[in-house]
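# Breakdown of the fold
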Amino acid sequence: MASQIPFTRGVPSSDLLPVDAMREAVEQAMRSEPTTALAYATGAGHEGLRAWIAGRHGVEPSRVVCTNGSLQALLFVAEVELAEGPRRVLVEAPTYDRAILVLRRAGADVAGIPVDGDGLDVDALAADIERHGAPALVYVIPNFQNPSGATLAADRRHRLVELARTHGFTIIEDDPYGLLRWRGEMLPSLLELGGESVISMSSFTKTVAPGLRVGYAIAPGELAPRLIRHANDTYISPSMLSQSALAAYCAGGNFEPWVGQARAALQERCAAMCEAVDEHFPAGSTYVRPDGGYFVWVDAPEGVDTTRLLGEATAAGVPYVKGADFFAEPAGERSLRLAFSAVPPDQIHEGIARLGGILSSALATA
Ligand SMILES: Cc1ncc(COP(=O)(O)O)c(C=O)c1O
C-alpha cells in the first residue's frame, strides 16, 4: 500500500505543537489559579486572556468574547445577528467550507462573491448590493484565505469598509492566519479600518494548538454583551482549563517566539509545495502563491474533475479537499485545496508527484 501523505487537513503537524511550553503553562495555571481554571466563568471567558487579546488589538477587554474555537464564535455571531430581519449573508467564492455550514445552520441564505488573486472582488460585491440590496453580513477571510491563499489588497479593504458604512451591513473578519505571514507587509485589519462596522474573529488553533479549542470575537460595544449572554445561555462558559493555560502560556512570553518558529516551517513547506506543483502538475494548472498561511489552491486545466478523482487520490494515499466543497453554489470542479501545514517538505515532493501523475493521466484520457 502507498504511504499516506494527506493534503486534507489545515492543522499544524505534531512538530509544530508547543508541547513543552504548554505543559509548563498547564502546571502554572494549576499552581497560580486552580479555582479559576477548574470553575465556570461567564460566557465571555477568561479575564486575563481577554485582557491580553484586547491589548494586542488595542480595544477594550469588554469587547472580547473568548469561545471554544473561533467557529463557535462565528456560530454565536450568526445566531445573534440573524435572529431577526434579513438573513442574506455574502461569502467569498471560494470560502472556508465549515463557515458555509455554520452560517447555514444559523439560518443564513448564503451566496458567493468571486475571489481573485487580490481577494474578494469588491466591484462584484458592489454590483450584488445594487441588484439585491444590502446583505445582513459579509464574511471575509482577509489574509491567506482558506482555501484560495489570496490576501485582500489594501485598496479593497478600504473599499469594503466604505461599502459597509454606506449600506449599513456588518463585516465578519475571520483572521486565524494573519500572523503567519512570511512575505510582504502586514496590511491594516478590517477591524482597524472599519471600527463598529466589523466583527473580527481569530483563533489560537493555527498559532498555538487546535486541541485547546480557543478562539475569540471582538465585537462592537453594543453587540458584545448580547454575544456573551448568548454564549452563557448556550454553555455557561467556555473551557476554563484551556483558557487559563493559554493565558499562562501567553503571559510567559511564549506566543510570539512560537509563531515565529511555525511561520518559518510553514514558509519552507509552502515553497516545497509550489515547487512540486510547478514540476509535477499538468501544464495549465494555476495557483496564487500565498504570502503566508496553510494552503495552496490549484485550478487544474479543463478536463480535470477533482470530485471524480478524489477516490483515486485517496487510494494512492494523497487525498486533497475537492474544490466544490468551498462554494455556496455549484462550482470549483477543476479546483483542489492542498494543505501544506501538516506535511514535512520531503514528503510534500513525493505526494505532489503522485497527485500530479493522477491529474495528468485523467487529462490524457479526457
Ligand atoms: C478561516 C477559518 N476560520 C476558522 C477556523 C477554525 O478555527 P477554530 O479551530 O478556532 O474553530 C479555520 C480552521 O481551519 C479557518 O480556516
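First things first, this report covers the structure right here in the doc. (Residues numbered from 1 in each chain as written. Predicted model: local features only at pLDDT ≥ 70, side-chain atom pairs only at ≥ 80, totals over all residues. Heavy atoms only, no water.)

### Examining the overall build of the chain
This is how the line gets drawn: Strands are runs of DSSP state E lasting at least 2 residues, helices are runs of H or I lasting at least 4, and numbering of each runs from the N terminus. The quantity called the radius of gyration is restricted to C-alpha atoms. Its globule counterpart is 2.2 Å times the number of residues to the power 0.38. Under the scheme applied here, a residue whose accessible area is under 20% of the maximum for its type counts as buried, over 50% as exposed, and between as partly exposed, the area being computed with a 1.4 Å probe on protein chains only. The contact rule is simple, with two residues in contact once any of their heavy atoms fall within 4.5 Å. Per-residue and other accessible areas were derived by the Shrake-Rupley procedure at a 1.4 Å probe size, with only the shown protein chains allowed to occlude residues. For the purpose of charge, His is not counted, nor are the chain termini; Lys and Arg are scored as positive and Asp and Glu as negative. Every charge is mapped onto a representative atom, which is NZ of Lys, CZ of Arg, CG of Asp or CD of Glu.
Counting secondary structure elements, the chain contains 13 helices and 12 strands. A compact globule built from 366 residues should have a C-alpha radius of gyration of about 21 Å, and the chain, at 21 Å, falls within 12% of that. When the backbone C-alpha atoms are referred to their principal axes, the chain occupies close to 60 × 55 × 35 Å. Among the 366 residues that make up the chain, the fraction classed as buried is 55%. Pairs at least 24 residues apart make up 76% of the contacts formed inside the chain by residues separated by at least 6 positions. Surface accessibility of the chain: about 14,900 Å² in total, with carbon and sulfur atoms responsible for 51%. Positive and negative side-chain charges of the chain, numbering 30 and 44 respectively, have mean locations separated by a distance of 3 Å.

### Describing the nonpolar core
Under the convention used in this document: As used in this record, nonpolar core signifies buried Ala, Val, Leu, Ile, Met, Phe, Trp, Tyr and Cys residues forming a set joined through side-chain atoms within 4.5 Å.
Ranked by internal contacts, the top residues of the largest apolar core, which has 82 residues, are Phe7, Leu125, Phe204 and Leu338. Per-element accounting of this core gives the leading share, 11 residues, to helix H11 (residues 255-280). Core analysis: the next-biggest nonpolar cluster, separate from the first, contains 35 residues, Leu74, Val110, Ile141 and Ala217 among them.

### Concerning a nonpolar patch on the surface
Keep this limit in mind: Residues qualify for a patch when their relative accessible area is over 30% and they have no salt bridge, like charges being joined within 9 Å and the nonpolar side chains of Val, Leu, Ile, Met, Phe, Trp and Tyr within 5 Å. A pairing counts as a salt bridge when a side-chain nitrogen of Lys or Arg comes within 4 Å of a carboxyl oxygen of Asp or Glu.
The grouping of Val26, Met30, Leu38 and Leu241 at the surface amounts to a nonpolar patch, some 320 Å² of accessible area in total. As for its placement among the helices and strands, Met30 is situated in helix H1 (residues 19-32).

### Here's the deal with the environment of Glu173
Threshold: Polar contact criterion, stated in full: a pair of N or O atoms within 3.5 Å, where within protein one must be able to donate a hydrogen and the other to accept it, and residues adjacent in sequence count only if both atoms are side-chain atoms.
With respect to the helices and strands, the residue Glu173 is situated in strand E6 (residues 170-174). Classification of Glu173 as buried rests on a relative accessible area of 1%. The contact partners of Glu173, leaving out residues within four places of it in the chain, are Val140, Pro142, Ser189, Leu190, Leu191, Val198, Ile199, Ser200 and Met201. Among the polar contacts made by the side chain of Glu173, one reaches the main-chain amide nitrogen of Leu191 at a distance of 3.2 Å.

### A few points about the site of the ligand
Selection rule: In this text, near means that some heavy atom of the residue lies within 4 Å of the molecule or strand in question. In this classification, Asp, Glu, Lys and Arg are treated as charged, Ala, Val, Leu, Ile, Met, Phe, Trp, Tyr, Cys and Pro as nonpolar, and every other residue, Gly included, as polar.
Taken together, 14 residues form the shell around the ligand, and within it Ser70, Asp174, Tyr177, Ser203 and Thr205 come nearest. A distance of 3.1 Å separates an oxygen atom of the ligand from a polar backbone atom of Leu71. At 2.6 Å from an oxygen atom of the ligand is found a side-chain nitrogen or oxygen belonging to Ser203. Here the ligand loses 94% of its free accessible area of 400 Å² to cover by the protein chains. For the shell around the ligand, the class distribution of residues is 6 nonpolar, 5 polar and 3 charged.

### Looking at the pattern of salt bridges
Scanning all chains against the criterion turns up 14 salt bridges. In this structure, the salt-bridge partner of Arg181 is Asp291, at a minimum N-O distance of 3.8 Å. On the criterion of sequence distance, the pair formed by Arg181 in the loop between E6 and helix H8 (190-194) and Asp291 in the loop between strand E9 (286-287) and strand E10 (295-299) is long-range, its members being 110 residues apart. In this structure, Asp291 and Arg183 form a salt bridge, with 2.8 Å as the shortest nitrogen-oxygen distance. Here Asp291, found in the loop between E9 and E10, pairs with Arg183, found in the loop between E6 and H8; they are 108 residues apart in sequence, far enough to count as distant.

### Topic: the packing of aromatic side chains
Note the threshold: Two aromatic rings, drawn from Phe, Tyr or Trp (for Trp, its six-membered ring), form a pair once their centres lie within 6.5 Å of each other, and the interplanar angle then sorts them: stacked below 30 degrees, edge-to-face above 60, tilted otherwise.
Applying the stated criterion across every chain, the model contains 11 aromatic pairs. Taking 6.1 Å as the distance between ring centres and 55° as the angle between the ring planes, the aromatic pair formed by Tyr294 and Phe295 counts as tilted. The burial state of Tyr294 is the same as that of Phe295; both residues are buried. Three or more aromatic residues joined by ring pairs form one cluster here, namely Trp52, Phe204, Tyr216 and Phe255.

### Regarding the sheet that holds E10
Adjacent strands of a sheet pair through backbone hydrogen bonds, lying either parallel or antiparallel. Formally: Strands are treated as partners if at least two bridges between them are detected by DSSP.
With antiparallel pairing, 4 strands are arranged side by side in an open sheet as E9-E10-E12-E11. Sheet topology places E9 and strand E11 (321-322) at the edges, where each strand pairs with a single neighbour. As paired strands, E9 and E10 are joined by 2 bridges and run antiparallel to one another. Bridge pairing in E10 places Tyr287 opposite Val298.

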